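# Survey of secondary and tertiary structure
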Amino acid sequence: MRSPRSQPESFLPLSQPVFHILVAVADRQRHGYAIMKEVNRATDGAVKLSTGTLYAAIRRLLDDGLVEESDERPDDELDDKRRRYYRLTELGHAVVLREADRMAELVTLARGKALATSSGNSPRRS
Amino acid sequence: MLDLLQRMSVRTYRIFLRAYPCSYRRQLGPPMEEAFAELCAERLTGLGAALRIWIREYPSLLLRGVSERLSPDRRPYGKRPSKRKLMNNDASWLGSVLQDVTHGLRMLRCRPAFATVIIVTLTLGIGMNTAIFSVLHGVLLQPLPFPEPERLVRFGRTSPGDGTWLNPLSPLEFRDMAARIKSLESMVAATPVAAVLTDMAEPAQASGTLTTVGLFDTFGMSPQLGRSFLESDSDPGAASVVVLSHGFWRARLGGRLDVLGTTVELDGTPHSVVGVAPEGFGLRPTVGLNDAEYWVPLRWTEDVLTDRHSHFVMPYGRMASGASPDEVNRELATLWPDYIKDDPGNHLDTSYETGLHASPLHEFVVGGSRQPLMFLAGAVALVLAVACVNVVNLLLANADTRRHELAVRAALGAGRGRLVRQFLTEAVVVAAIGGVLGIVVAAATVEAIVGLFPDAMPRATEVGVDGPVLAFAAAVSLITALVLGLVSALQAELGASALRARSGGRSAASTRLRQATVVAEIALALILVIGASLLLKSFWNAQQVDLGFEPEGLMVVNLTLPADQYQEPEARAQFYDALLQSLDEAPAIESAALSSMVPVRDFGTNVSGLTAVGNPDRRAQYVERRQITPGYHATLGVQILRGRDFTRADSDAAPTLIINQTLSRVLFDDADPIGRRLLLGPDDETPREIIGMVADIRAGGAERRVRPHMYAPTRAAGNLLVRARADPSALLSELRAIVRETEPTARVYQAQTYGTLIAESLGERQFVMFLIGAFGLVALALGAVGTYGVMLYAVEGRMRDFGIRLAVGARALDIRLQVLRSAGALAGIGLGAGLLGAYGLRTLVASLLYDVDAADPLVYAVVGLVTGGIAALACWIPANRAASADPIETLRFE
């Protein structure tokens, strides 16, 4: 198994699905399908994860210590035994922050050259 | 239904999960499955949604699973290699794939027999599947070739039975109904007709459609040239007009642009051409939507306007925008009570006809073909499964023989992933070759199917290899490649573990897998052959059905008379009198007669509301009405059970009838009908006397039930039935001569033996049986080859044992029996599984059978024995080889 790297910068840049997964579990723990739904909601349907993609990413995130499995489970009637709940680790938190900063710097750079809209949203690719 | 779809999706997901390595599945399998189940529960709301979910989930699962197996060492996800490095990596990746492809092709070239067997097997599997998909696509899936085809409906009265058939209406009923249905934007009623083109150099028959106005509007088309019919064209005294089909106009009139206003002679009557239909537009109601060469307007004559009982037009409608078939049906349901109440003659039998119903036109046209086609699709998928199992088998054997090569490459530094990818690429290469050749096979097969069985299914002309079919072939090839690739990955893993263990023998897992393929092949082939045999028996039974007359030696002849000389009925009657007289005198002809309709070939034209004088409460519905000349029943070979046949005097004297046994039972139970008088409907004022009762015949063909029949005398009718003393087909030239002698300008334009007619009536049954039989044979051959291959391989691996046993005194017979016993065990399991499988699937085939039990023990037993025999034969050569092991050779080798 790969030993977790401790420097957040060593993980950057993050791929789009990985960034969204980390953001989805940033505010609270979520299980697999809840992550898929949250990513879909947050990106307004622009990013749709398949279960294969999601769990391939989660496996790597677990290995690298950016997310961890949570032992806290909801009440039995709201739960399914097969579910795993994931939450962000401190390292994961630091990595998302660095990635967000990095992207913000890029946006500032682009704006300086009048290449981005003032709201900060990059034009949607059609 | 939705629940079933969801469960099926999750189950399939579980199967695809097996693409992942075991450790991965242990860790993440359950949460992945749970997430997918939740996704299905929330999003899978129909077949369309299911398709979207499958397309997004399954391939990604397979690919990720395989890549997990291939490269357990992954690079950190966050790090992107530098551009230069990436390019280098890509180049080397592409290069190594090309290297794999080249190596794969070289390996195939080095082992031509191996390559040929694999490629031929896959070509057959993929080709047959693609061919059946083309038929399925052309007939079932493709929308009808009209604008907004989903708005088209066909309506009519429902009759008992399977509820799919809609009885025709009388034109008067159609007109009343058309005025009241609001959910239909436009309506048309039509019926098939045929005419002889009398102004052609050689008279030819053309099929056409008699239609009310609104034909083109209802189908959303407009004529390519000229106009459609106007209300005035339907007036009784209006000039005769015709609209021609595009094909007729191009083929017979050379596509002349000045065709409008010219005339075409139909049955001797000149019709003025007022329009030409757009290309591809056809409407022949009884068989579907093709084939009409011309359209003529229905005339609202006095007869048509007063006759409620002659039901012969099929109504079609275009729903108003936004309306649904349910809405039309609701409206039709409200019309039904009025419809019964308004019927002045009360000729409806509401226990026989239960209401009015509208079906979407697409469903009406192809609904009957859905089951046989889906059945064929299932069967052909089984063939592909057998083909895949066979190829897997060969690949497994191949992997073992390539262990040495693998060892060398591993020693030279090839990683495990690299070796597995080599096998995967080879699988993709053979599947791609099989796919390309399969498309060629499919194109040829489709052409052959449509050529051989043009009437076996509706919309046959729309069947072809097109874009969606090519996409299907590509998808099937891809799935095949993935299946084979997964097995390749597995076998390479097994090979690698065998290498690691430095085992001299073959790995147990690999042997078990190979034995499982034998069991699967025998079981699948057996299921197919049982299905084929049941259909063969049905076909045989349908052919053996006693039609109630003797078709051997019978011939049907159609001829045409010059219209100007024979306009008067009496002139025609005199011609036919003379012709029948000459035919009676001809030594080669036993008897001859005329009939308005030909049993098995023609049906329709029925009368409802028949009653016997003095008993108005007992009615006969849907009585087939025929006009015949004296000697008709004798010519067909039908016995007159009571009374007498017509004589030439009958057609001129007081009206008389002959009825069949069924009609007699309906009206009189078992009492003698002779001398009783019948009224043809409540408004009929001319009672007709029954002078004879004949035995029943199956006039609709072997598979339709016997209907009540009535026969009226005539002196002239369109079909000449001739019974020959010897071979009827040798009679044609003599017949032509007799016709010419009687009238030099008369021509025979069509002559068919009854054998041909009956074969045509069994067309669909023959089509399904032929294809399923072909699939069964292919599966059986593949199964035999596969079994042979596995047994031979097993024997070769044990030659040393056999040699030693022979050296210490075992007899050759013992060795042979030992091999056959071990093969027998496998074959036995396969046969058992096949028999159980066929029994489990029996309901699928049941509806296609005729007079055969889907679990017919005789068929199961015979097919089981034959398949077992073939399996035994396939094992015999390997057993002999084992028995011929040379002890000296073996010991020397040791």
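Treat the numbers as computed from the prediction; the structure is a model and nothing was measured.

## As for the overall build of chain A
The helix and strand inventory of chain A stands at 4 helices and 3 strands. Going from N to C terminus, chain A has its helices and strands arranged as α-β-α-α-β-β-α. Counting all 126 residues of chain A, 43% fall into the buried class. Here the analysis covers contacts within chain A between residues at least 6 apart in sequence; of these, 56% occur between residues at least 24 apart. Of the roughly 7,400 Å² of accessible surface on chain A, a fraction of 49% belongs to carbon and sulfur atoms.

## Considering the overall build of chain B
When you go through chain B residue by residue, the secondary structure sums to 26 helices and 24 strands. The proportion of buried residues among the 894 residues of chain B is 51%. Within chain B, counting contacts between residues at least 6 apart in sequence, those at least 24 apart form 80% of the total.

## A look at the interface of chain A and chain B
With 35 residues of chain A at the contact, the number on the chain B side is 29 residues. When the area that chain A buries against chain B is broken down by residue, the three leading residues are Y33(A), R59(A) and R82(A), summing to 25%. Where chain A meets chain B, there are 4 salt bridges. Between R83(A) and E34(B) there is a salt bridge whose closest N-O contact spans 3.1 Å.

## Topic: a negative patch on the surface
Taken together, the side chains of D546(B), E550(B), E552(B) and E590(B) define an acidic patch exposed on the protein surface. Residue classification places D546(B) among the exposed residues on the basis of a relative accessible area of 60%.

## Concerning a positive patch on the surface
Positive charge collects at one region of the surface, where K48(A), R43(B), R52(B) and R56(B) lie side by side. Checked against the element boundaries, K48(A) lands in the loop between α2 (32-42) and α3 (51-63).

## Focus: the sheet that holds strand β3 (residues 85-88) of chain A
One open sheet accounts for 3 strands, arranged β1-β3-β2 (chain A); its pairing is antiparallel. Here the strands that pair on one side only, and so sit at the sheet edges, are β1 (30-31) and β2 (67-70) of chain A.

## Considering unusual backbone geometry
Generally, phi is negative for residues other than glycine and the peptide bonds are trans, each holding for most cases. The step from L12(A) to P13(A) runs through a cis peptide bond, and the omega angle for that step is -10 degrees. As for its placement among the helices and strands, P13(A) is situated in the segment before α1 (16-24). Even without glycine at this site, E148(B) takes up a positive phi of about 40 degrees. Relative to the assigned elements, E148(B) resides in the loop between α5 (112-141) and β1 (152-158). Residue E148(B) is classed as partly exposed on the basis of its relative accessible area of 42%. Despite not being glycine, D669(B) has its phi angle at roughly 50 degrees, a positive value. In this fold, D669(B) is placed in the loop between α18 (661-668) and β20 (677-680).

## Let's talk about helix α22 (residues 799-807) of chain B
All names here are of chain B. Looking at α22, one finds that the buried residues are F802, G803 and L806. Each buried residue of α22 lies within a common arc of 100 degrees when the element is viewed along its axis, so the set occupies one face. The positive-phi residue at the C-terminal boundary of α22 is G809, with phi of around 110 degrees.

## Focus: the pairing of β20(B)
Residue and element names in this part refer to chain B. Bridge analysis of strand β15 (residues 610-612) against β20 gives 3 bridges, and the strand direction is antiparallel. Looking at the pairing, A612 lines up with L678 of β20. When β20 meets strand β21 (residues 688-694), the two strands line up antiparallel, connected through 2 bridges. In the sheet register, R677 faces β21, and the bridge partner there is E689.

## Thoughts on the side chain of T662(B)
Structurally, T662(B) is set in helix α18. Looking at T662(B), its side chain comes within polar contact range of the side chain of D696(B), at 2.7 Å.

## Some details on the packing of aromatic side chains
Residue and element names in this part refer to chain B. Under the counting rule described, the total for this entry stands at 9 aromatic pairs over all chains. Here Y13 and F36 contribute two aromatic rings whose centre-to-centre distance is 4.1 Å and whose plane-to-plane angle is 10 degrees, an arrangement assigned as stacked. Here Y13 is found in helix α1 (residues 2-17), whereas its partner F36 is found in helix α2 (residues 22-43), with 23 residues between them in sequence. Relative to Y754, the ring of F549 lies with its centre 5.4 Å away and its plane at 75 degrees, an arrangement referred to as edge-to-face. Here F549 is found in the loop between α15 (508-544) and β12 (554-560), whereas its partner Y754 is found in helix α20 (residues 754-761), with 205 residues between them in sequence. Counting every residue linked through ring pairs, the aromatic cluster contains F146, F219 and Y316. Lying over the aromatic face of Y316, R154 brings its terminal NZ or CZ to 5.8 Å of the ring centre. Residue placement shows R842 over the ring face of Y839; its charged tip is 3.9 Å from the ring centre.

## Remarks on α2(B)
All names here are of chain B. In this model α2 runs 29 Å from its N-terminal to its C-terminal C-alpha over 22 residues, within 8% of the 32 Å that 1.5 Å per residue would give. The largest bend along α2 measures about 60 degrees and falls at L28, with the proline P30 one to four residues further on. Within α2 the residues assigned to the buried category are Y24, L28, G29, P31, M32, E33, E34, A35, F36, E38, L39 and C40.

## Points about the pairing of strand β10 (residues 314-319) of chain B
Note on strand geometry: in a regular strand, side chains alternate between the two faces of the sheet. Residue and element names in this part refer to chain B. In terms of burial, β10 is largely enclosed, as 6 of its 6 residues are buried. The alternating pattern of β10 places M314, Y316 and R318 and P315, G317 and M319 on opposite faces, both of which are buried. Sheet analysis places strand β3 (residues 184-197) next to β10, joined by 6 bridges and oriented antiparallel. When the bridges of β10 are listed, L184 appears paired with M319.

## What about the packing of helix α23 (residues 812-840) of chain B against helix α25 (residues 857-883) of chain B?
Residues and elements named next belong to chain B. Between α23 and α25, the least distance of the axes is 8 Å, while the angle of their chain directions is 150 degrees. Here α23 is positioned roughly antiparallel relative to α25, judged by the angle of their axes. For the element pair α23 and α25, the recorded crossing hand is right-handed. Contact residues: α23 offers A812, I815, R816, V819, L820, A823, A827, L831, L835, A838 and Y839, while α25 offers Y860, G864, T867, G868, A871, A872, C875, W876, A879, N880, A882 and A883. Across the contact of α23 with α25, the residue classes tally to 18 nonpolar, 4 polar and 1 charged.

## Concerning the confidence of the model for chain B
Residues and elements named next belong to chain B. Scored by pLDDT, chain B comes out at a mean of 81, with 88% of its residues at no less than 70. In this model residues 74-91 is a low-confidence stretch, pLDDT under 50, and it forms 21 contacts with partners more than four residues away in sequence or in other chains. Scored by ipTM, the complex comes to 0.87, with pTM at 0.64.

## Points about the nonpolar core
Residues and elements named next belong to chain B. With 123 residues, the main nonpolar core has F219, F281, L376, F549, Y754, F767 and F775 as its most contacted residues. The leading source of residues in this core is α15, at 15 residues. The residues contacting Y754, other than those within four sequence positions of it, are F549, P551, L554, V556, V598, P599, V600 and L721. Of all hydrophobic cores here, the second largest spans 47 residues; its members include Y13, A35, W54 and L61.

Cut-offs used in this document
Residues numbered from 1 in each chain as written. Chains lettered and ligands numbered in written order. Predicted model: local features only at pLDDT ≥ 70, side-chain atom pairs only at ≥ 80, totals over all residues. Heavy atoms only, no water. Helix = DSSP H or I, 4+ residues; strand = E, 2+ residues; numbered from the N terminus. Buried < 20%, exposed > 50% of the residue type's maximum accessible area, 1.4 Å probe, protein only. Contact = heavy atoms within 4.5 Å. Areas by Shrake-Rupley, 256 points an atom, 1.4 Å probe, with all protein chains shown as cover. Buried area = accessible area lost by both parts, 1.4 Å probe. Salt bridge = Lys/Arg side-chain N within 4 Å of Asp/Glu carboxyl O. Patch = residues over 30% accessible without salt bridge, like charges linked within 9 Å, V, L, I, M, F, W, Y side chains within 5 Å. Lys, Arg positive; Asp, Glu negative; His and termini not counted. Charge placed at Lys NZ, Arg CZ, Asp CG, Glu CD. Pairing = 2+ DSSP bridges. Arc of directions from axis to C-beta. Polar contact = N/O pair within 3.5 Å; in protein donor to acceptor, adjacent residues only side chain to side chain. Phe/Tyr/Trp six-rings, centres within 6.5 Å; stacked < 30°, edge-to-face > 60°. Lys NZ or Arg CZ within 6 Å of the ring centre and 35° of its normal. Expected span 1.5 Å × (residues − 1). Bend = angle between axes of the 7 residues up to and from the residue. Axes fitted to C-alpha atoms, helices over the stretch in contact; angles between N-to-C directions. Parallel < 35°, antiparallel > 145°, perpendicular 65-115°, else oblique. Left-handed = near helix turned anticlockwise from the far one by under 90°. Nonpolar A, V, L, I, M, F, W, Y, C, P; charged D, E, K, R; others polar. pLDDT = per-residue confidence, 0-100. Core = buried A, V, L, I, M, F, W, Y, C linked by side-chain atoms within 4.5 Å.

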